[in-house]
Amino acid sequence: HLKVFIALVPLGYLAYFIKVDVFSLLMMIPFPEIQQVVILHDEVGKDVIANANVFGLLIVIRLLFFCALIAYREPLSNRFVGFHLYFKLYCIGLFFFVFFSGFKSGAFRTAELFWVTECLLLPMFVVLFNPRWFGTLMIIILCLFMMVITYILSDFLRPFNFNFDL
């Protein structure tokens, strides 16, 4: 069943390239409460500074990590019990980010819910390196690089002015 989840990522990019309009698909749901939530999320998404760029540097790093997970899935699944579950959730997160890329707030929120498993998958790579300290150092450098991209180099966070004048 793992191949079905791996196939979700190319399907998400296929939907992105044929320009599937997710907002219209969600508005076809015949429940007015869901339609109202979709409209509210679309309004919030217009206020977000960052765009859901499916070819951004952070997404390319996540796709490379995804490919590494595919390549080393056998030794990692033999060593760690929850690997398949975490990997499936990570695939779902990549799919939702790419599929909902036209619906910015939905893309970021749904993908981040599933990308939490990245915190569990990244340390699993330490066992693949022969000197464990080298694997640990590489994972720490990768995490610091991803943090710098997310919080310093991108426009993901809005500037916040502290005003303590009462």
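Heads up: these notes are all about the structure in this document. Predicted, not measured: the structure shown is a model, and the values here were computed from it.

This brings us to the overall build of the protein. The helix and strand inventory of the protein stands at nine helices and zero strands. N-terminal to C-terminal, the α/β element order of the protein is α-α-α-α-α-α-α-α-α. For the protein, the proportion of its 166 residues judged to be buried stands at 33%. Pairs at least 24 residues apart make up 73% of the contacts formed inside the protein by residues separated by at least 6 positions.

Bringing the packing of helix H1 (residues 2-17) against helix H6 (residues 83-99) into the picture now. Look at H1 against H6: their axes get within 8 Å of each other, and the N-to-C directions meet at 10°. As summarised for this structure, H1 and H6 are arranged roughly parallel, according to the angle between their axes. Seen from H1, the contacting residues are Leu-2, Phe-5, Ile-6, Leu-8, Val-9, Leu-11, Gly-12, Tyr-13, Ala-15 and Tyr-16; seen from H6, they are His-84, Phe-87, Lys-88, Cys-91, Ile-92, Leu-94, Phe-95, Val-98 and Phe-99. Its residues assigned to classes, the contact of H1 with H6 shows 16 nonpolar, two polar and one charged.

A complete count under the given rule lists one salt bridge for this structure. Between Arg-62 and Glu-118 there is a salt bridge, with its nearest N and O atoms 3.3 Å apart. Remark: Glu-118 occurs in helix H8 (residues 118-121) and Arg-62 occurs in helix H4 (residues 57-71); sequence separation between them is 56 residues. No difference in accessibility class separates Arg-62 from Glu-118, as the two residues are buried.

Turning to the environment of Gly-93, a few remarks are in order. Tracing the backbone shows Gly-93 in helix H6. A C-alpha to C-alpha distance of 7.0 Å links Gly-93 and Glu-112, two positions 19 residues apart in sequence. Non-local contacts of Gly-93, meaning those with residues more than four positions away in its chain, are made with Ala-111, Phe-114 and Trp-115.

Before going further, it helps to examine the side chain of Thr-117. Structurally, the position occupied by Thr-117 is in the loop between helix H7 (104-114) and H8. Looking at Thr-117, the relative accessible area reads 8%, which means it is buried. From its side chain, Thr-117 meets the backbone oxygen of Phe-114 in a polar contact 3.0 Å long. If sequence neighbours within four positions are ignored, Thr-117 has contacts with Tyr-86, Leu-89 and Tyr-90.

It is worth spelling out the nonpolar core at this point. Residues Phe-66, Leu-69, Phe-87, Tyr-90 and Phe-97 are the most contacted members of the largest nonpolar core, which totals 31 residues. Looking at this core, the elements with two or more residues in it are H1, H4, H6 and H7. By residue number, the principal contributor to this core is H6, which donates seven residues.

Cut-offs applied
Residues numbered from 1 in each chain as written. Predicted model: local features only at pLDDT ≥ 70, side-chain atom pairs only at ≥ 80, totals over all residues. Heavy atoms only, no water. Helix = DSSP H or I, 4+ residues; strand = E, 2+ residues; numbered from the N terminus. Buried < 20%, exposed > 50% of the residue type's maximum accessible area, 1.4 Å probe, protein only. Contact = heavy atoms within 4.5 Å. Axes fitted to C-alpha atoms, helices over the stretch in contact; angles between N-to-C directions. Parallel < 35°, antiparallel > 145°, perpendicular 65-115°, else oblique. Nonpolar A, V, L, I, M, F, W, Y, C, P; charged D, E, K, R; others polar. Salt bridge = Lys/Arg side-chain N within 4 Å of Asp/Glu carboxyl O. Polar contact = N/O pair within 3.5 Å; in protein donor to acceptor, adjacent residues only side chain to side chain. Core = buried A, V, L, I, M, F, W, Y, C linked by side-chain atoms within 4.5 Å.

As far as function goes, none of this settles anything; it's purely spatial.
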